[in-house]
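A look at the structure
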Amino acid sequence: MAVSLLCKDCNTLLKNIAEAQSHSDATGHANFEESTQPVTQLVCTACGKPCRTDAEKALHTKFTGHTEYVDKTGEDTRMLDTEQQMAAAKQQMEDDLDADAELLGIKRKKKPAAAAADAAAEAAGEGGAAAAAGGEG
């Protein structure tokens, strides 16, 4: 089972789908695969800053003078549920697109499954409101 995602364009290890999306946005890289290698986590004992690479550690040492690090790689390693994370990321993207369309006054075309789910949610909401109103009277 995967514990990280590997960018095949630059060999960077990423903790989850959200990090992969940020990496993709920043670099344009889009070639990722699941990996069993945990993401390196060297933690500065003086301030607690986590460093993922020797280069990041060297920069931290250069600018702060901190030289002691503890290797916590693999201590908080969780198996990735990429299907669940991808579904959540896709839903967030759809929500963002809906919000953007609303701001621009554009009506988005929805896929049949999404439109059916929205209609069911609206019907449930209206039914719940009618039931609540009926219960009060």
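Everything here concerns the structure above.
Residues numbered from 1 in each chain as written. Predicted model: local features only at pLDDT ≥ 70, side-chain atom pairs only at ≥ 80, totals over all residues. Heavy atoms only, no water.

Helix and strand counts for the protein stand at 4 helices and 6 strands. Counting helices and strands in the order they occur from the N terminus, the protein gives β-β-α-β-β-β-α-β-α-α. Across the 137 residues that make up the protein, the buried fraction comes to 18%. Excluding contacts between residues fewer than 6 apart, the proportion of contacts in the protein whose partners are at least 24 apart in sequence is 53%. For the protein, the accessible area works out to roughly 9,700 Å², and carbon and sulfur atoms hold 54% of it. (Helix = DSSP H or I, 4+ residues; strand = E, 2+ residues; numbered from the N terminus. Buried < 20%, exposed > 50% of the residue type's maximum accessible area, 1.4 Å probe, protein only. Contact = heavy atoms within 4.5 Å. Areas by Shrake-Rupley, 256 points an atom, 1.4 Å probe, with all protein chains shown as cover.)

In this section: the sheet that holds strand E5 (residues 50–51). An order of E5-E4-E6 is seen for the 3 strands of this open sheet, with the pairing classed as antiparallel. Either end of the sheet is taken by a strand with one partner, and the two such strands are E5 and strand E6 (69–71). As paired strands, strand E4 (residues 42–44) and E6 are joined by 3 bridges and run antiparallel to one another. Its bridge partner being in E6, Cys 44 is matched across the sheet by Tyr 69. (Pairing = 2+ DSSP bridges.)

Before going further, it helps to examine the sheet that holds strand E2 (residues 13–14). Here 3 strands make up an open sheet; going across it, the order is E2-E1-E3 and the pairing antiparallel. Of all strands in the sheet, those bounded by a partner on one side alone are E2 and strand E3 (32–35).

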